[in-house]
Amino acid sequence: MSIVVQVILGGLAIAGVYCLIAYGFVLCWRVAKVLNLGQASSGVFGAFICLWLTRFGIPLYISFICGILVAGILGLLTERFIINPLRRSKIIGWLIGGLAVEIVLRLCLSHWWGSDLVWFPSFLGGQKTVSIGGAATSTDRLLLIIATFFMVYILEVIADRTLWGKKMRATAHDEVAAALMGINTKLVVMLVFSLSAGLCAFSVMLQAPFTNISSLMGFELVVKGFAVAVIGGLDSRRGVIIAAVLIGLLEATGSLIVPAGYRDVFTFGTLILVLISRPQGLFGILELREV
Amino acid sequence: MEDKFVRVRRFLAPDLIGIYLLSIGIVLIPLLTGNLHVQHLCVISGIYIILLSGFNLCAGVTGLVSFGHGALYALGAYSTVLFVTKAGWPWIPSMAAGIITALAGGAIFAATGYRAKAFYLGLSTLACGWIVFKVLWNWIDLTGGQPGIPVPVASIWRFELWESELSYVIAGSVLFSLVVTRNIMHSRTGRALKSISANEVVASAVGVNVPKYKFMIFLVSAFFAGLAGIFYAYFSFFIDPEMSSLHTSFSFVVILVIGGWATIFGPILGTIIYVFFPAYLGFLKEYWSLLWAIVLISILLVTPQGLWGIICKYAAKLPFPRLRTSNLQWREIYAGARNGAVYQANDDPVTFEVIKLCKNFGGLQALKNVDLTIKGGRIHALIGPNGAGKTTLINIITGFYPPDNGEIILRGKRIDTLPPHRITNLGIARTFQGAKICEGMTVLDNVRLGQHTRTRAGIFSSAFGTRFVRQEEKQFKRKAYESLKYVDLIDVALEPAENIGDGQRRALEIARALASDPKILILDEPMAGLTHEGVMVVIRKLRELRDQGLAIFLIEHHMEAVMAISDIITVLDFGMKIAEGRPHEIKNNEDVIRAYLGKQKVSVEC
């Protein structure tokens, strides 16, 4: 019994991390039909900024918000100066450019902090464990699960109920028509890209207390986030949430069976199967080609 | 005498001479300098060039950027070395096994993304490469894990290949891979690949089997990646999982972008910069990776054509017009285009039927039970107000959209489930509303793309330039000149297609459609935006084509022209066929008048 709870909690924690990254991908894809591969590294960058600020005695919650802001600004700059000018490039320049941003940020961080794991303070004032259904789990992990859940809930409400959400959906549906209706689509796209980088920072910092952080983690996160987004369907907000939970549980179960180094094979194996059999994702809709 | 001269000249084209010099240089420069370090750099460049020539076909020419080629490179290297050391196979069979492994890996990589949009492949190869990296890193019993494994010396029978012997083999392979890539780029296959990168819709409309070509070219690049990996292993006597890392895969993209993609010399230039700069600017040490990423971004933003593109731009301004190959080409073009007959008279008139066709988009019924018969030797016009479903009908007929209901029958066979390229192969050619042409290809190449369904040169025969391929090229080149003359584009034949004007684009599209020697020609608004004279020319030419037995089906809003040339007119309104008949019948049909002008009865003068 306790092992089942353990797996579920572990899986949900993994899902929480991937979910927000993938959710950001989906938002970007829907409004701009491009992705920012540098977003996870921007998030990691934000997390290091947060850590750096705490060393000056600034309270963790304030530096947490600063971290998110820095990541958001990085996302915005990437969109404006690299992704957007390369949107129409023939050799998918936006993808190459995004990856280059990822590499630049990662290398800058590793020159600044080295490439080892770095300890990150807990938001709940230290490592504590609670027991749920016979399984001991750290409170940080629970915080990640709960906070992610709330974040996703808030984002869904914003997307469905608010004016900005409406603007976002209008831009996603037809950018030109939305612009003709007086929506500043450029601003919408910019905000969505910075939001998705900010979300990455949010989830990186929430997982940091129990996994620690390293300057190199951005790449793995972005690839996993992409895998989750594609498995769920790049155009389906709800789809990626379900896919994140599926992949989280799969990885948590998988790590009981195989050695730790092979845990990723489950995720990527699923990704390859989905791409071969259903390229639009489990919950995505196949687009008609524009003729 | 003349023949012999031509045969020799074929091997002395300027780009080939460049390739020969480069291959010789890889062996000769180290011999002249006698410096081991230089030898190392030259041979490493050679290895990169082998890989890049394949990668360029896939990422540069076709637009399938992959971030997993490092993994294929490592797969070739590791499996060859493991077959030699663990299974005890001799070197040559192990090499074959290594290449087969790389090809198998390439097939799996390609399978994940060849049917979707190009960027899916970019991201899925990133994930696939990551898996290979993880396996090489973690499967310590087999691969030696992170520290890597030493590689024994390569040997054929008892003859051992140390660095200098191997450098000859590598130089030979550089020659081979560059010549093969060059031949492919200038062939039917190359044009098909370029069209995929320029516009997949056009590619499938001219009959290119897009997924098949994407898959095939990825395998070709996997072959070169595997080969390069093997050479790297046996030249440096050591391999480690770093070979399959993102860093390696990314370096190939960096080289391609810095040098200039889709050209032969761009990747070579990029390789030389990538290999030699860090070797002589050692003080930058660990900052090189950072620097490459920044250089990559700047080149993408500032000059997407890469450094070779800049060189070509300035070279074109140099005052040596005699050296330009284009002069020869122009002479050939004007000589070849003497008689402007493009369409072979068709004595087997075709019939084509559409029966009860329906199509819904969400809640909107775009087409409701449309029936239609198109016959050879007849101009059939489709008219109707905006949003009546005319273009949708064409898109369904040509296989771009699947119909919800109904049948499409060509010569007694149902064709409504076939993909666009198969339909083009059956002799149905189309143009697009607003003229879709392949930018980045010349006007001539756009027309030659239209010949895709009539020509047969495959990738292997193109790669080795067989006699069959050369004859086919020669024969169809002449036909292309004639088509260009027919539509009056001969003077811009060598111009990049994006530089020509709007009317010329339409003419080019029609020439491209005619180049496939169709039985049915489908035109979507061929006269939109033309001047009066332009319309007259189009009318005259369409009549000529009709008289030769071609079936022409056109959508047009220019009523005067429609009434003048059509043999039969079908009118669509809100997805329904409301009238069909000869022009004078349509002119006086009350339903038609109501659809165009509203309820009140007004007399129209067309």
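All values reported here derive from a predicted model rather than from experimental measurement.

Residues and elements named next belong to chain B. Under the definition given, this model contains 34 aromatic pairs over all chains. Taking the centre distance of 4.6 Å and the plane angle of 40° together, the rings of F83 and W89 count as tilted. Residue class for F83 comes out partly exposed when judged on its relative accessible area of 28%. Judged by its relative accessible area of 39%, W89 is partly exposed. Seen in terms of ring centroids, W162 and F237 are 5.6 Å apart; in terms of plane orientation they differ by 40°. Their pairing is tilted.

Residues and elements named next belong to chain B. Spatially, β6-β5-β8-β9 is the arrangement adopted by the 4 strands of the open sheet, whose pairing is antiparallel. The outermost strands of the open sheet, each flanked by one partner alone, are β6 (364-375) and β9 (413-414). For strand β8 (residues 405-410) and β9, the ladder comprises 2 bridges, and the chain directions are antiparallel. Bridging across to β9, L410 finds its partner in K413.

Before going further, it helps to spend a moment on the pairing of strand β7 (residues 379-383) of chain B. Residues and elements named next belong to chain B. Where burial is concerned, most of β7 is hidden: 5 out of the 5 residues are buried. Of the two faces of β7, both are covered, the one formed by I379, A381 and I383 as well as the one formed by H380 and L382. In terms of strand pairing, β7 meets strand β12 (residues 551-555) through 4 bridges, oriented parallel. Note that in β12 the partner of I379 across the bridge is I552. With 4 bridges joining them, β7 and strand β13 (residues 568-573) adopt parallel strand pairing. By the bridge assignment, I383 is partnered in β13 with V571.

Right, let's get into the packing of helix α3 (residues 36-61) of chain B against helix α8 (residues 163-185) of chain B. Residue and element names in this part refer to chain B. Closest axis-to-axis distance for the α3/α8 pair is 9 Å, and the angle between their directions is 20°. In this view, α3 runs roughly parallel relative to α8, as classed from their interaxial angle. Classified by chirality, the crossing of α8 by α3 is left-handed. Counting all contacts with α3, which are made through Q39, V43, G46, I47, I49, I50, S53, N56, L57 and V61, the residues of α8 involved are E163, S164, S167, I170, S173, V174, S177, L178, T181, I184 and M185.

Now for the sheet that holds β13(B). Residue and element names in this part refer to chain B. Pairing in this open sheet of 6 strands is mixed, and the strands run β10-β11-β12-β7-β13-β14 from one edge to the other. The sheet terminates laterally at β10 (428-430) and β14 (576-581), the two strands that pair on one side only. Across the sheet, the mean angle from the axis of one strand to that of its neighbour is 20°, orientation sign disregarded. The sheet contact formed by β10 and strand β11 (residues 520-524) spans 3 bridges and is parallel. Paired with I428 across the strands is I520, a residue of β11. On the sheet, helix α26 (residues 590-597) packs against β7, β13 and β14 and is oriented at approximately 125° with respect to β14.

For the rest of this paragraph, the subject is unusual backbone geometry. Residues and elements named next belong to chain B. A positive phi is found at R411, a non-glycine position, where the angle reads about 50°. Mapped onto the elements, R411 comes out in the loop between β8 and β9. Residue R411 is classed as partly exposed on the basis of its relative accessible area of 41%. Even without being a glycine, D517 presents a positive backbone phi close to 55°. By the secondary structure assignment, D517 is in the loop between α22 (502-515) and β11. Exposure remark for D517: the relative accessible area of 18% places this residue in the buried category.

Reading the values: the criteria
Residues numbered from 1 in each chain as written. Chains lettered and ligands numbered in written order. Predicted model: local features only at pLDDT ≥ 70, side-chain atom pairs only at ≥ 80, totals over all residues. Heavy atoms only, no water. Phe/Tyr/Trp six-rings, centres within 6.5 Å; stacked < 30°, edge-to-face > 60°. Buried < 20%, exposed > 50% of the residue type's maximum accessible area, 1.4 Å probe, protein only. Pairing = 2+ DSSP bridges. Helix = DSSP H or I, 4+ residues; strand = E, 2+ residues; numbered from the N terminus. Axes fitted to C-alpha atoms, helices over the stretch in contact; angles between N-to-C directions. Parallel < 35°, antiparallel > 145°, perpendicular 65-115°, else oblique. Left-handed = near helix turned anticlockwise from the far one by under 90°. Contact = heavy atoms within 4.5 Å.

Treat this as a map of the structure, not an account of what it does.
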